[in-house]
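Observations on the model geometry
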Amino acid sequence: MLFHVRMDVHLPPDLDPDARATLLARERDRAVELQQSGVWPELWRIVGEYANISIFDVSSNDDLHDILSSLPLFPYMKIQVTPLAQHPSKV
Ligand SMILES: O=C(O)CC1=CCC(=O)O1
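Attention in this report is confined to the structure presented alongside it. Because the structure is predicted, anything quoted here is derived from the model rather than measured.

1. Examining the overall build of the chain
Within the chain, the regular secondary structure consists of two helices and four strands. When the elements of the chain are put in sequence order from the N terminus, they spell out β-α-β-β-α-β. Dimensions of the chain, computed from C-alpha atoms along their principal axes, come out at roughly 50 × 25 × 20 Å. Taken across its 91 residues, the chain has 29% of its residues classed as buried. Taking the intrachain contacts of the chain between residues at least 6 apart in sequence as the baseline, contacts between residues at least 24 apart amount to 70%. Surface summary for the chain: the accessible area is close to 6200 Å², and the carbon and sulfur share equals 55%. Placing the 8 positive and 13 negative side-chain charges of the chain at their respective mean positions leaves the two points 5 Å apart.

In structure tokens form, the structure reads like this:
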């Protein structure tokens, strides 16, 4: 099952710089792990925003929820999920 996911990151402005760096490194490691496993085939920065557009390829809604909530930045992101289906005109 494919899902289009938009993640908007809202880190607290007063977050300790070391804690911020550690959090972002953990997020990157987890994102790389999920990309290498094949469940996160697309990850794009939205120009001019601290946000991304991603495609996830997972087995269920629950699987996607578990994956998104495993992200270290999950507490600091607004996430919008759009389930995708086949388009009849796609060649
Ligand atoms: O920077 C972002 O868009 C949030 C994020 C998701 C995966 C990652 O490495 O950063």
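2. A short note on helix H1 (residues 17-37)
Helix length check: H1 (21 residues) gives 30 Å between terminal C-alpha atoms against 30 Å at 1.5 Å per residue, within 8%. Three or more residues of H1 are buried, namely Leu23, Glu27, Ala31 and Leu34. All buried residues of H1 project into a common sector of 70° when viewed along the axis, lining one side. Opposite the buried face of H1, at more than 90 degrees from it, the exposed residues are Pro17, Asp18, Arg28, Asp29 and Gln36. Contacts made by the buried residues of H1 are with helix H2 (61-69) and strand E4 (77-84). Once H1 ends, the next one or two residues include Gly38, with phi positive near 95°.

3. Considering the sheet that holds E4
With antiparallel pairing, the four strands of this open sheet are ordered in space as E2-E3-E1-E4. The outermost strands of the open sheet, each flanked by one partner alone, are strand E2 (42-45) and E4. Along the sheet, successive strands turn relative to each other by an average axial angle of 15°, direction set aside. Each of strand E1 (2-9), strand E3 (51-57) and E4 is contacted by H2, which is oriented at about 25° to E1, the strand it contacts most.

What counts, and where the lines are drawn
Residues numbered from 1 in each chain as written. Predicted model: local features only at pLDDT ≥ 70, side-chain atom pairs only at ≥ 80, totals over all residues. Heavy atoms only, no water. Helix = DSSP H or I, 4+ residues; strand = E, 2+ residues; numbered from the N terminus. Buried < 20%, exposed > 50% of the residue type's maximum accessible area, 1.4 Å probe, protein only. Contact = heavy atoms within 4.5 Å. Areas by Shrake-Rupley, 256 points an atom, 1.4 Å probe, with all protein chains shown as cover. Lys, Arg positive; Asp, Glu negative; His and termini not counted. Charge placed at Lys NZ, Arg CZ, Asp CG, Glu CD. Expected span 1.5 Å × (residues − 1). Arc of directions from axis to C-beta. Pairing = 2+ DSSP bridges. Axes fitted to C-alpha atoms, helices over the stretch in contact; angles between N-to-C directions.

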